[in-house]
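Single-letter residue listing:
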Amino acid sequence: MEDLLPELCDRYPEDVRILEPMLGNFGGRERFFGKIVTIKAFEDNSLVREQVAQPGEGRVLVVDGGGSMRRAMLGDMLAEKASVNGWAGIIIYGCIRDVNAIADLDIGVQALGAHPLKTEKRGVGELNVPVRFGGVDFIPGEYCYADNNGVLVSKKSLETD
């Protein structure tokens, strides 16, 4: 399988915004892309739980967890639910847990790192608002592409043949 992001950067250099190198690839799917759905929540994954229960329709869930390294915004049960419900991938500006189980799931997952402690469920956060981290704006409805080379965003869908 060829590397997707270098190819897209070569073909569409004016159309892509590239995330600073910061995330590791944890999911069983190393290459994924789709329309962006965003969540902004700090150390509370209530909205993540709600969204992965919805039909994913090949979309990418981008979670701005404020860069917290103190709690995991995603674990194996939510990642499995996202996979079953058709999400292409999840990008988390924060941590995940259950990394061995998530590696076996057919879903892309990128995050800052791993932490064994789950979040508290307080029901706080914002859904489908623009979020910014790593020098990139993630706008709901735009397109996100990810592989082992990193993450990029485009206003329009890019050919991935």
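Predicted model only: the values in this text are computed from it and were never measured. (Residues numbered from 1 in each chain as written. Predicted model: local features only at pLDDT ≥ 70, side-chain atom pairs only at ≥ 80, totals over all residues. Heavy atoms only, no water.)

**Considering the nonpolar core**
Counting residues in hydrophobic clusters, the biggest one holds 22 residues, and the most contacted among them are Val48, Leu61, Val63, Leu74, Ile90 and Ile92. Sorting the residues of this core by element identifies strand E3 (32-40), helix H2 (46-52), strand E4 (60-64), strand E5 (72-74), helix H3 (76-84), strand E6 (89-96) and strand E7 (108-114) as the ones contributing at least two each. Among residues more than four places away in sequence, those in contact with Leu74 are Val48, Ala79, Ile90, Ile92, Cys95, Ile96, Arg97, Ile102 and Val109. Formed by 16 residues, the second largest nonpolar core is a distinct cluster that contains Leu19, Ile91, Val136 and Phe138. (Core = buried A, V, L, I, M, F, W, Y, C linked by side-chain atoms within 4.5 Å. Buried < 20%, exposed > 50% of the residue type's maximum accessible area, 1.4 Å probe, protein only. Helix = DSSP H or I, 4+ residues; strand = E, 2+ residues; numbered from the N terminus. Contact = heavy atoms within 4.5 Å.)

**Concerning the packing of aromatic side chains**
The tally for this structure, following the rule as stated, stands at three aromatic pairs. Between Phe33 and Tyr145 the ring centres are 5.5 Å apart and the planes differ by 20°, which places this aromatic pair in the stacked class. Residue Phe33 is found in strand E3, and its partner Tyr145 is found in strand E11 (residues 143-147); the two are separated by 112 residues along the sequence. Its relative accessible area of 35% is what places Phe33 among the partly exposed residues. Judged by centre distance (4.7 Å) and plane angle (20°), the rings of Phe133 and Phe138 are stacked. Phe138 carries the same exposure label as Phe133, and that label is buried. (Phe/Tyr/Trp six-rings, centres within 6.5 Å; stacked < 30°, edge-to-face > 60°.)

**Some thoughts on the pairing of E6**
Here E6 lies mainly inside the structure; seven of its eight residues are buried. Bridge count between E4 and E6: five bridges; the pairing is parallel. Counted as the bridge partner of Val62 is Ile91 from E6. Note: E5 against E6, two bridges, orientation parallel. (Pairing = 2+ DSSP bridges.)

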